[in-house]
Amino acid sequence: MNTKKVVIIGGVAGGATAAARLRRLSEQVEIVLFERGEHISFANCGLPYYIGGTIEERDKLLLQTPEKMSKKFNMDIRTRSEVVAINRERKTVTVKKLGSDEIYEENYDKLILSPGAKPFVPTIKGLDKAPSTFTLRNIPDTDKIKSYINMHNPKHATVIGGGFIGLEMAENLHELGVQVSLVERSRQVMEALDFEMAAILQDHIESKGVKLFLDDSVEEVIGQGEMLLLKSGKTLETDLILLSAGVQPESNLAETAGLALGNRKTIAVNEFLQTSDADIYAVGDAIEVKDFVSGQDCFVPLAWPANRQGRIVADSILGKKTSYRGTLGTAIAKVFDFTGATTGNNEKVLQRLGKPYLTAHIHPNSHAAYYPGAKPMALKILFSSQDGSVYGAQGVGEVGVDKRIDVLATAIKGGLSVYDLPELELAYAPPYSSAKDPVNMLGYVSSNMLEENLKTYQWHEVDRFVKKGKYFLDVREKAEVESGMIKGAYHIPVDDIRERQNELPKDKTIHIYCHAGLRGYLAFRTLSQLGFNVTNLDGGFKTYQMAKKQLEKLKPSDALELV
C-alpha cells in the first residue's frame, strides 16, 4: 500500500464514514479530517423533529463527537478548520483555522472531498431585510430556529418549498401550535412523487389545517418579513420564514482547484468516485452520480448514497477497488399521519427520457382487513412495456408503505421484473400483511397488463374522454354511485354484468371503472370474454377523484363536473 496519508474535507455521512472505514482496514494509514463546523457527525435528518419536540434531547442528534471518534479510531480531527484551497501540484490543502488568523498547508497522498450541499436561497426582493428568515442544514441552524421560536413565540410560519425538509418542518412547526402556510413553485408537493400520489398527501396536509399555495412563489418580502407577496397576487402575514427550496452542491473548492464539474455544478466523478484528479475522490451530496435505472447523470443528495460512497472510497484507496453502481433515489418522509415514499424513476423522468412504460395503481390494505388496525395505502409501479423491467415505484399511506417500497427497491437493484414479483415469498401473518402481499398484487396486475389479460386507461385521460363522448361503465354499488361518479357514466353493479350485458354497446369501447380497480378488472374479464371491447380505469375512481380534487384547486376552469 503506497498511501500513507489521507486527508478528508467534511464529515457527517460521507466523510466520517470514509474515515472510520479507512481505520478499520488499516492501522498504518494517517487520517486527517477537516470540518468547518463544530460537529463531525450528526443526525441531520432528525433536525426537524428536534425543533418540533419529538426528539427532546439535543445530544441525541450528535452521533459522534470529535473527541470520541478521534480516540476510538486514532485519527486527527480538526473542527472549525476550513479548507480554502487545494494545491494539486504540491498535493497540499490550505487550511484556515476559524476564529483566528492562522493559515497553514497540510499535505496528502489521497484527498477525499465531502463538502455536502447547502440550502438554495432563491432571489426574493426584500428577503435580506427579514431577520426571521431561516434555512436548515446543521446544528447551528437548528439552534437558531429553536431559539427564535422560544423567544418570539411565532403564531404563523411560512415554509417556502414543498420537498422533504419543507414538509417535515411544516409538520413540526404545526406540532408546536404554529399556523403554517407552505408555498411551492410547482403544482405539487414532494416532486419525487407523481401528481396523483402527491395529491393524497396534499389532501391530508390540508386536513391538518396547513394552507398550501401551489403553483405559486414568493415575489417580495415586505417590511422586515411580516408580510409576503406571492406571484399570484395573494399576501401572507407571517412571523417566521423557513427556506426549504432545495439544495445545491458545495463545489466551489473543487471548481477553484480546476476539477471537472457536472450538471448543476456537481463534482464529476468516475465509477470509483475519483474526480478528474486521480488522487482526489469525492462523495456525498456534492457529486454527480449515475441514475441506477436510466444510467443518466443526476444529482441525488440523500443519506444512503453518501454513506455507501464513503465506504467505497475507503476501500478503493486502500487497494480494494470498488465501483459505485449508481443511485436509485429511494426516499421516504413522514407527513403528519401519512408516509410518502418513492424509489427509481417517476413518470416525469421517464417522459423526459422518452422511455416507453406502463403503470399500475393498487389500493390494498396494510395487512389483513379482518385484523384490527388495517389501513388503506396507494401503491404505484412503473415498468417496461417490452419486458416488464421495473423502473420505479411509489407509495402513500398510513401504515406499511415503507416495507413495500423497500422490497420494490430491492427488486429493482436485483434486476427483477414484474413477472418476478408474484414469486416473492414474503412474510405473512394477519397483523403484518395479507397472504397475497401488496407487492405480489402489483406483480399480478402488471403481468396481466403485459399479457393483455387487462387493458387500462389512466386517471388523467378521464376528462378528455368525457369531452369526446366516450362510453363509461360504473360497476360499483348504488350507494357508492350516489356519492359521486364520472359524468354521463352508465351504471351496472359488477354482480349484475352477465344478466344485463344486453344493455351495453358492442360498437363502442366501454371504459369500465370501480372504486379501486379490482371490481373493474372482474367486469373487464367477463365482458371481454363476452365479445365486448373494454378497458379498465387503473387505480379506480379513488385515484381519479383525489387527483381531480387537487387539480381543480389549481385550474378549476379546466376540470369537468363530478356529479
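This text follows the structure it describes.
Residues numbered from 1 in each chain as written. Predicted model: local features only at pLDDT ≥ 70, side-chain atom pairs only at ≥ 80, totals over all residues. Heavy atoms only, no water.

Quick look at the sheet that holds strand β15 (residues 218–222) now. Pairing in this open sheet of three strands is antiparallel, and the strands run β15-β16-β17 from one edge to the other. If you trace the sheet from one side to the other, it starts and ends with β15 and β17 (235–237), each paired once. Neighbour-to-neighbour, the strand axes of the sheet open up by a mean angle of 20 degrees, direction not taken into account. Sheet topology places strand β16 (residues 227–230) next to β17; three bridges connect them, and they run antiparallel. By the bridge assignment, Leu228 is partnered in β17 with Leu236. (Pairing = 2+ DSSP bridges. Helix = DSSP H or I, 4+ residues; strand = E, 2+ residues; numbered from the N terminus. Axes fitted to C-alpha atoms, helices over the stretch in contact; angles between N-to-C directions.)

With that out of the way, let us pick up the environment of Val445. Residue position: Val445 is located in helix α11 (residues 438–450). Spatially, the C-alpha atom of Val445 lies 8.9 Å from that of Val418, the residues being 27 residues apart in sequence. Sequence-distant contacts of Val445, defined by excluding residues within four places in its chain, comprise Ala360, Ile362 and Leu454. (Contact = heavy atoms within 4.5 Å.)

A few words now on the side chain of Asp216. Checked against the element boundaries, Asp216 lands in the loop between β14 (211–214) and β15. Buried and unpaired, Asp216 has Lys234 as its nearest opposite-charge partner, separated by 5.1 Å. Looking at Asp216, its side chain comes within polar contact range of the main-chain nitrogen of Lys231, at 3.3 Å. The residues contacting Asp216, other than those within four sequence positions of it, are Val183, Glu184, Arg185, Leu230, Lys231 and Ser232. (Buried < 20%, exposed > 50% of the residue type's maximum accessible area, 1.4 Å probe, protein only. Lys, Arg positive; Asp, Glu negative; His and termini not counted. Salt bridge = Lys/Arg side-chain N within 4 Å of Asp/Glu carboxyl O. Polar contact = N/O pair within 3.5 Å; in protein donor to acceptor, adjacent residues only side chain to side chain.)

This next bit is on the sheet that holds strand β32 (residues 533–537). A sheet is described by the order of its strands in space; here five strands give the open sequence β28-β32-β31-β29-β30, paired in parallel fashion. Two strands bound the open sheet, and with one partner strand each, they are β28 (456–457) and β30 (490–491). In the sheet, strand β31 (residues 509–513) pairs with β32 via four bridges, with the strands oriented parallel. What sits directly across from Ile512, in β32, is Asn536.

Taken by themselves, the reported measurements are silent on function.
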